[in-house]
Amino acid sequence: MLLKFLLLGSFFTILNLNAQYSNLYVGTYTQGDSDGIYYYKFNTETGELTSKTLAITIDNPSFLTHSKDGNYLYSVNDTGNGFVSSYKINKDHTLNLLTRVSSHGKAPCHIAINGANSKIAVSNYWGGTVPIYAINKDGALLNATQVFNLNTDEIPARAHSAQFHLNDLFVADLGNNAITHFKLSNDDSYKLASKSIIEIKGNPGPRHFAVTKDDTYLYVINEYGSSITSIKKTKKGYKQIDHDSTLDTKYKGKNSCADIHLSKDEQFLYGSNRGENSIAVFKRNLKTGTLEKIQNISVHGNWPRNFTLDPSGKFLLVANRKSNAISVFKINTKTGMLTFLKSYDVPEPVCLDFI
């Protein structure tokens, strides 16, 4: 009886230890000391990063995403004419390369997955194109089934990010200052629904965006404008409801926004500033969708590209590309505000992907 009790206790201890950790993959640029994609173990109780491992040697895996079952990883490779790669995740957290295909455009900078219909979308910054790929049953990428060219005769497109949402596809086009909307048709292909869901005035440079789970609100972070544009979905389409600066009122230097994410409960919104080198924190009005800025906090590094929230929703991690470090912050889940904990040395981190 005592032996059974001890074995049962050991079993639950192992379960608790496993629940306390999440797997983190880091995409990088490899012009300097980085060799490819790195793996870390993240402690969701303490915020510590450990067990650094070079998961695979690969060139410029600058943005990552993964399959819903956590068995496969995907990256863009910002090199040459641009590539997209698929990987099998091994039990020891290393990666095996499955396929490497053309990105159909130069400078691929973002990759997104739709687990519902096994599709991948890639954003090519210099190419201004967005290819759609089907995913094979073994996790490998097939050749692109569609390639959307967002360029016009007057303006070169700069596709910077894309997201699938409820089988629709939205693309932030920094060149045309547009959020382009594609809808999934009955033949399983995407068709253009709107060149831009709202009219964006000036040249703010929409870069990344976050969509609420109920599909009602969309928040766009603008690279050039150092601002966030808040958009609401209505019965007649989409309309702008708010526009807020990401910068502290005392900051007067140059700035270039990068990434944006909602908190787990969607009560707070976070955006990264490159130049001010900060994370801007906003509180959402859950009735109107509008924003109120409540904090600008230093990233304790230089050039925060991508950042992410851990699966527990209690920590925020920032990839500081130019200072070669990942900064970890504790989130006050009641107020949304951040407290800096520690930085970890990582060569040229660009993208953080929890699995």
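This text follows the structure it describes.
Let me begin by describing the structure that accompanies this report. Treat the numbers as computed from the prediction; the structure is a model and nothing was measured.

This brings us to empty space enclosed by the protein. One simple way to see leftover space: roll a probe sized like a water molecule over the atoms. Within this structure, the stated rule accounts for 2 cavities of 30 Å³ or more. Estimates place the volume of the largest cavity at around 50 Å³. Taken together, Phe63, Cys109, His160, Arg207, His208, Ala258, Asp259, Arg305 and Asn306 make up the lining of the largest cavity. Looking at the lining of the largest cavity, the elements with two or more residues in it are strand 16 (206-211), strand 20 (256-262) and strand 24 (304-309). If you add up the space inside the second largest cavity, you get close to 40 Å³. Lining the second largest cavity are Phe170, Val211, Asp215, Thr216, Tyr217, Leu218, Lys233 and Tyr238. Each residue belonging to the lining of the second largest cavity can be placed in one class, and the counts come to 5 nonpolar, 1 polar and 2 charged.

Describing an aromatic ring pair means giving the distance of the ring centres and the angle of the ring planes. Here the structure, examined in full by the defined rule, presents 9 aromatic pairs. For the ring pair Phe42 and Phe354, a centre distance of 5.4 Å and an interplane angle of 65 degrees mean the geometry is edge-to-face. Note that Phe42 is positioned in strand 2 (residues 36-43) and Phe354 in strand 28 (residues 349-354), a separation of 312 residues in sequence. Here Phe354 falls in the buried class, since its relative accessible area comes to 9%. Ring pairing ties together the aromatic residues Phe42, Phe315 and Phe354, which thus form one cluster. Here the guanidinium or amino end of Arg100 rests over the ring plane of Phe83, the centre of that ring lying 4.2 Å away. Between Lys322 and the ring centre of Trp303, over which it is positioned, the NZ or CZ distance is 4.0 Å.

The strands making up a sheet associate through backbone hydrogen bonding, with each pair oriented either parallel or antiparallel. Here 4 strands make up an open sheet; going across it, the order is 16-17-18-19 and the pairing antiparallel. Edge positions in the sheet fall to strand 16 and strand 19 (237-245), since each has one partner strand and no second. With strand direction ignored, the average angle separating the axes of adjacent strands in the sheet is 25 degrees. Inspection of the sheet shows strand 18 (residues 227-234) paired to strand 19 by 8 bridges, in the antiparallel sense. Along strand 19, the bridge assignment pairs Ser227 with Ser245.

By the element assignment, Pro204 lies in the loop between strand 15 (190-194) and strand 16. Judged by its relative accessible area of 10%, Pro204 is buried. Residues Pro204 and Ala178, spaced 26 residues apart in sequence, show a C-alpha to C-alpha distance of 9.9 Å. Once you skip the residues sitting within four places of it in the chain, Pro204 turns out to touch Asn177, Asn222, Glu223, Tyr224 and Gly225.

Turning to the pairing of strand 5 (residues 72-77), a few remarks are in order. In terms of burial, strand 5 is a largely internal element, 6 of the 6 residues being buried. The two faces of strand 5 match: Tyr72, Tyr74 and Val76 on one face and Leu73, Ser75 and Asn77 on the other face are all buried. Relative to strand 6 (residues 83-89), strand 5 is paired through 6 bridges, and the arrangement is antiparallel. Residue Tyr72 lies in a different strand from strand 6, and its bridge partner there is Lys88. Linking strand 5 back to strand 6 in an antiparallel pair, the connection comprises 5 residues, with Gly80 at a positive phi of about 55 degrees.

The rules we used
Residues numbered from 1 in each chain as written. Predicted model: local features only at pLDDT ≥ 70, side-chain atom pairs only at ≥ 80, totals over all residues. Heavy atoms only, no water. 1 Å grid on protein atoms, 1.4 Å probe; cavity = no way out; pocket = protein on both sides within 12 Å on 5 of 7 lines; lining within 4 Å. Points joined across faces, edges and corners; volume = space filled by probe spheres on them. Helix = DSSP H or I, 4+ residues; strand = E, 2+ residues; numbered from the N terminus. Nonpolar A, V, L, I, M, F, W, Y, C, P; charged D, E, K, R; others polar. Phe/Tyr/Trp six-rings, centres within 6.5 Å; stacked < 30°, edge-to-face > 60°. Buried < 20%, exposed > 50% of the residue type's maximum accessible area, 1.4 Å probe, protein only. Lys NZ or Arg CZ within 6 Å of the ring centre and 35° of its normal. Pairing = 2+ DSSP bridges. Axes fitted to C-alpha atoms, helices over the stretch in contact; angles between N-to-C directions. Contact = heavy atoms within 4.5 Å.

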